[in-house]
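# Architecture at a glance
Single-letter residue listing:
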Amino acid sequence: MDLRTGLCCALLLVALLPLSANASSKRLSASKSQLYIVYMGDKKHDDPSMVTASHHDALTSVLGSKDEALKSIVYSYKHGFSGFAAMLTESQAEALAKFPEVITVKRNTFHKLHTTRSWDFLGLDYQAPQQSGLLQKAKYGEDVIIGVVDTGIWPESRSFNDRGYGPVPARWKGKCQTGEQFNATSCNRKIIGARSYHRGISAESLKSDYNSPRDINGHGTHVASTIAGVEVQGVSVGGLASGVARGGAPRARLAIYKACWEGDGCPDATVLAAIDHAIHDGVDVLSLSLGGFGPEYSGTLHAVQRGISLVFSGGNNGPVPQTVTNAVPWVTTVAASTIDRAFPTLISLGNNEKLVGQSLMHNASLISKDFKDLVYARSCNAELVASSNVTGKIVLCSAPAQAKSRPPAIAFQDALNHTFMAGAKGLIFAQYTTNLIDDLAGIERIMPVVLVDFEIAQRLISYFDTAGSPVVKFSPTMTVVGDGVLSPRVASFSSRGPSLAFPGILKPDITAPGVSILAARRDSYVFYSGTSMACPHVSAVTALIKSVHPDWSPAMIKSAIVTTASVTDRFGMPIQADAVPRKLADPFDFGGGHINPDRAADPGLVYNVDAKEYNNFFNCTVGLLDGCDSYQLNLNLPSIAVPNLKNQVTTWRTITNVGPVEATYRAIVEAPAGVAVSVEPSVISFTAGGSRSVTFKLTFTAKQRVQGGYTFGSLTWSDQSTHSVKIPIAIRTVIQDFVADTS
């Protein structure tokens, strides 16, 4: 395969076509338009609008007019590389292929789905040859006990079937607490324990929930099945994302701790009670997909000192900086990112132009085959909708100027409520992010809704302004997976660093899939998004690593995950973060990067911490010690954050060899802008019979005296062959204390 063919195959975009399954497999006539992918390699311009303009120019030269080019183009690839998807005839595609700047032109391909995706996306192939990957080496998480502190469990879900399981591990000391609609048989050899914590919960909350470990909300069941659900065939949402649902550690055992309740949420008191019991019961990993866990960090610290790895979600208040929570150094804090799956939906205009949005419209019977009038109601507030005569029409809601002041999810819900109550028969909602796809769940039973970005919305507005009688119609949503979907991207809602509470601790630690994750809820399967969905992915990987390396401490496991993470996508392009606007991701978006499970099982080196060393840090948080900046700076973490570099700062780290006995590592420094970095020693060798741990010194020197913002870099220890051990660095230069700039 030559370079051009290989690149093209890697970039095949599976977008939606209004073709039947039979038609897509037939050779179409040369005059029939279909979707082609035109790949043009590296961008020639840094300005995305100029890249898009070059695509329009190429199409115009083939189609004969700018108007036809605008109607033809479906996607313009302008951020990571140059290319576009357009509706073309075979002869037009052949003409474009002859352009010197065009590398390949390929017909759009529909890929066969294999699973509900996130675990395959992470490389944990359930069907891999014996012992070939982490999942197999860990025996699928056999007998690792994972505690889930959440809203409880729906034990009848197929994801928790215990067929083929052996006896409950003898070391388990937990119990199956009975209660409302939850009896002793609700636990089994998969769900080996369940507790609920109702004391201190309001009477109103108890009335709206089950007074037992049973999960009325669905959140805890979704999390638990993502971590350790068994294989369930034929799962989908109305045919979308169809495949096999399974957890990341499908042979692990589950211990359920219901600390979160309808109405009252997750009080510190119940969470601490759950952690306390989990320590006693004998869990190996604790997964907590819940918000900033108050001031009571002692419970989590005790768990870590007992050898339990704790994994927390980082919060859903992004893309605003300084919103990350659960930022204590002894836990793993998780950001959320996308996977290589999308749900494209074709929007057909009355002028034959085809546009693509995202939706979950799987019920074709509710989607009109006829065109409907299009109305543009700007922000779709109550007044604008009332004055726009939307009854029986499809409404376009697009207000870019207001996006900065209103969270996308709130703006969407308001627009949906106003248009539906006014009698609209469809909604096209524009935002800077499509991380709202889960908000569409169930809405397709009310009316068709499609999400688009502001660029697509502007093309719809142009059509609305120029057409005498603008009309549009939708086609049913399709599922697409693979290289044509830009992924992973840090989700717009994912909370960002730096931590307000502990600016000297770089958070989040890692990012993992957390957008449109399909997992169990009651007796069905649904999409959820959030760092709550990313957290269980890291919890499962933590369990698998613990299975392979049972003698590793929580700090070693966390280090292995952080230092082997990916900062580039499948094409070698830097991972991006959905924000305003989309940008290259930095450590405050994703910590060490995107989790890479197989690499994490063999990191080569780890940054270990004796859990007792966290005591000084904890004592600082409760005011028992002074000099806390020094404790933060010199904790042996797999990251470095210096929020107050005035002239020069020195810190120390110790690396422990967990790879080949004899190895030599060389330091590779990517210095943050405006900062000089030195590493002593810069070459470290390990020999048989020698020490397995080596301490080195890092010195950071400000190259400019400014009151600046954060800049980012990294330190990588490389053995020049198998292992590359990378930690993120965040530095802020300051002149005066207490004057901040986090831009």
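UniProt lists a comment for the protein chain under the heading Sequence similarities (unreviewed entry), and it reads "Belongs to the peptidase S8 family."

Another point: the overall build of the protein chain. Looking only at helices and strands, the protein chain features 20 helices and 36 strands. For the protein chain, restricting intrachain contacts to residue pairs at least 6 apart in sequence, the fraction spanning at least 24 positions comes to 74%. In the structure as shown, the protein chain presents an accessible area of about 28900 Å², 51% of it carried by carbon and sulfur atoms.

Taken as a whole, the protein chain shows an average pLDDT of 86; of its residues, 88% reach a score of 70 or greater. Below a pLDDT of 50 lies the segment residues 1–30, which in the model reaches 64 contacts outside its immediate sequence neighbourhood of four places, other chains included. In the predicted structure, residues 109–115 sits below a pLDDT of 50 and forms 21 contacts with residues beyond four places in sequence or in another chain.

As a further point, take empty space enclosed by the protein. A water-sized probe rolled over the atoms picks out the places where empty space is left. Using the criterion set out here, one finds nine cavities of 30 Å³ or more in the structure. Roughly 100 Å³ of internal volume is contained in the second largest cavity. Along its surface, the second largest cavity is lined by 13 residues, and S379, A399, A411, F429 and Q431 are the ones closest to its centre. Here the lining of the second largest cavity is built from residues that sort into seven nonpolar, four polar and two charged.

On to the state of the cysteines, then. On inspection of all chains with the given rule, the structure shows three disulfides. Between the sulfur of C260 and that of C266 lies a disulfide, 2.1 Å long from S to S. Residues C260 and C266 are joined by a disulfide whose S-S torsion is about 115°; by sign, that bridge is right-handed. Here C380 is linked by a disulfide to C397, with a sulfur-sulfur distance of 1.9 Å.

The next thing to look at is the nonpolar core. I146, I256, V538, I545, I561 and I595 are the most contacted members of the largest nonpolar core, which has 51 residues in total. Considering every element that reaches this core, the biggest residue donor is helix α15 (residues 531–548), with nine residues. In terms of nonpolar packing, the next biggest core, distinct from the first, is built from 38 residues, A278, L290, V328 and A611 among them.

Let's shift gears to the sheet that holds strand β30 (residues 648–657). Read from one edge to the other, the open sheet built from four strands follows the order β28-β30-β34-β32, with strand pairing classed as antiparallel. Whereas interior strands pair on both sides, the edge strands pair on one side only; in this sheet they are β28 (605–606) and β32 (675–680). Sheet analysis places β28 next to β30, joined by two bridges and oriented antiparallel. Residue pairing across strands places L605 opposite N657, the latter belonging to β30.

A few words now on helix α14 (residues 454–466). Residues that lie three or four places apart on an α-helix share one face, since the helix turns once every 3.6 residues. Over its 13 residues, α14 runs 18 Å from end to end, which matches the ideal 18 Å to within 8%, given 1.5 Å per residue. Inspection of α14 places I456, A457, R459, L460, I461 and Y463 among the buried residues, and these make up the whole buried set. The backbone nitrogen of E455 lies 3.2 Å from a side-chain oxygen of the residue at the head of α14, namely D453.

Relative to strand β34 (residues 693–702), β30 runs antiparallel, the two sharing nine bridges. When the sheet's bridge partners are listed, T656 is paired in β34 with S693. As judged from the six bridges shared by β32 and β34, these two strands associate in the antiparallel manner. Bridged to A676 within β34 is T701.

A few words now on the side chain of K393. Examined against the element boundaries, K393 turns out to sit in the loop between α12 (382–386) and β17 (394–397). Despite being buried, K393 has no salt bridge partner; D373 is the closest side chain of opposite charge, sitting 4.7 Å away. Excluding residues that lie within four positions of it along the chain, K393 makes contacts with D373, V375, A424, K425 and G426.

Note that the residue after S487, namely P488, is joined by a cis bond; omega there is -10°. Its place among the elements puts P488 in the loop between β21 (480–481) and β22 (489–490). For the bond from V580 to P581, the omega torsion is 0°, close enough to zero to count as cis. Relative to the elements of secondary structure, P581 occurs in the loop between β26 (576–577) and β27 (583–584). Despite not being glycine, C380 shows a phi value in the positive range, around 60°. Relative to the helices and strands, C380 resides in the loop between β16 (372–376) and α12. Taking relative accessible area as the criterion, C380 reaches 1% and is therefore assigned buried. Positive phi values are uncommon outside glycine, yet N389 reaches one of about 50°. You can see N389 is positioned in the loop between α12 and β17.

Neither face of strand β19 (residues 449–452) is open: one carries V449 and L451, the other V450 and V452, and all of them are buried. For strand β18 (residues 426–430) and β19, the ladder comprises four bridges, and the chain directions are parallel. Among the inter-strand pairings, A430 is bridged to a residue of β19, identified as V452.

Taken together, the side chains of F420, M421 and I446 define a hydrophobic patch exposed on the protein surface, amounting to about 350 Å² of accessible area. In this fold, I446 is placed in the loop between β18 and β19.

Right, let's get into the packing of aromatic side chains. A complete count under the given rule lists twelve aromatic pairs for this structure. An aromatic cluster is defined as three or more aromatic residues linked by ring pairs; in this entry it consists of W330, F502, Y614 and F617. Seen from the ring of W261, K258 lies directly overhead, with NZ or CZ sitting 4.3 Å from the centre.

Let us look at the pattern of salt bridges. In total, this model carries 19 salt bridges according to the counting rule given. A salt bridge links K71 to D67; its shortest N-O distance comes to 3.4 Å. Of the two residues, K71 and D67 both sit in helix α4 (residues 66–72), four residues apart, roughly one turn of that helix. By relative accessible area, K71 is classed as buried at 18%.

Turning to the packing of helix α9 (residues 219–228) against α15, a few remarks are in order. Each pair of packed helices gets described by two things: the angle between the helix axes and the distance between those axes. It is the contact of α9 with α15, at a shortest axis distance of 8 Å, that shows an interaxial angle of 35°. Viewed along their axes, α9 and α15 form a crossing whose handedness is right-handed. The residues of α15 that touch α9, namely those facing H219, H222, V223, T226 and I227, are S532, M533, P536, H537, S539 and A540.

Turning to helix α3 (residues 48–63), a few remarks are in order. Taking 1.5 Å per residue, 16 residues should reach 22 Å; α3 reaches 22 Å between its end C-alpha atoms and fits that length. Of all the positions in α3, only V51, T52, H55, H56, A58, L59 and L63 are classed as buried. For α3, the arc enclosing every buried residue in end-on projection is 160°, short of the 170-degree limit, so these residues lie on one face. Structural note: α3 exposes D57 and S61 on the side pointing more than 90 degrees away from its buried face.

How each quantity is defined
Residues numbered from 1 in each chain as written. Predicted model: local features only at pLDDT ≥ 70, side-chain atom pairs only at ≥ 80, totals over all residues. Heavy atoms only, no water. UniProt positions renumbered as here; feature names shortened; annotations may be inferred. Helix = DSSP H or I, 4+ residues; strand = E, 2+ residues; numbered from the N terminus. Contact = heavy atoms within 4.5 Å. Areas by Shrake-Rupley, 256 points an atom, 1.4 Å probe, with all protein chains shown as cover. pLDDT = per-residue confidence, 0-100. 1 Å grid on protein atoms, 1.4 Å probe; cavity = no way out; pocket = protein on both sides within 12 Å on 5 of 7 lines; lining within 4 Å. Points joined across faces, edges and corners; volume = space filled by probe spheres on them. Nonpolar A, V, L, I, M, F, W, Y, C, P; charged D, E, K, R; others polar. Disulfide = S-S within 2.5 Å. Core = buried A, V, L, I, M, F, W, Y, C linked by side-chain atoms within 4.5 Å. Buried < 20%, exposed > 50% of the residue type's maximum accessible area, 1.4 Å probe, protein only. Pairing = 2+ DSSP bridges. Expected span 1.5 Å × (residues − 1). Polar contact = N/O pair within 3.5 Å; in protein donor to acceptor, adjacent residues only side chain to side chain. Lys, Arg positive; Asp, Glu negative; His and termini not counted. Salt bridge = Lys/Arg side-chain N within 4 Å of Asp/Glu carboxyl O. Patch = residues over 30% accessible without salt bridge, like charges linked within 9 Å, V, L, I, M, F, W, Y side chains within 5 Å. Phe/Tyr/Trp six-rings, centres within 6.5 Å; stacked < 30°, edge-to-face > 60°. Lys NZ or Arg CZ within 6 Å of the ring centre and 35° of its normal. Axes fitted to C-alpha atoms, helices over the stretch in contact; angles between N-to-C directions. Left-handed = near helix turned anticlockwise from the far one by under 90°. Arc of directions from axis to C-beta.

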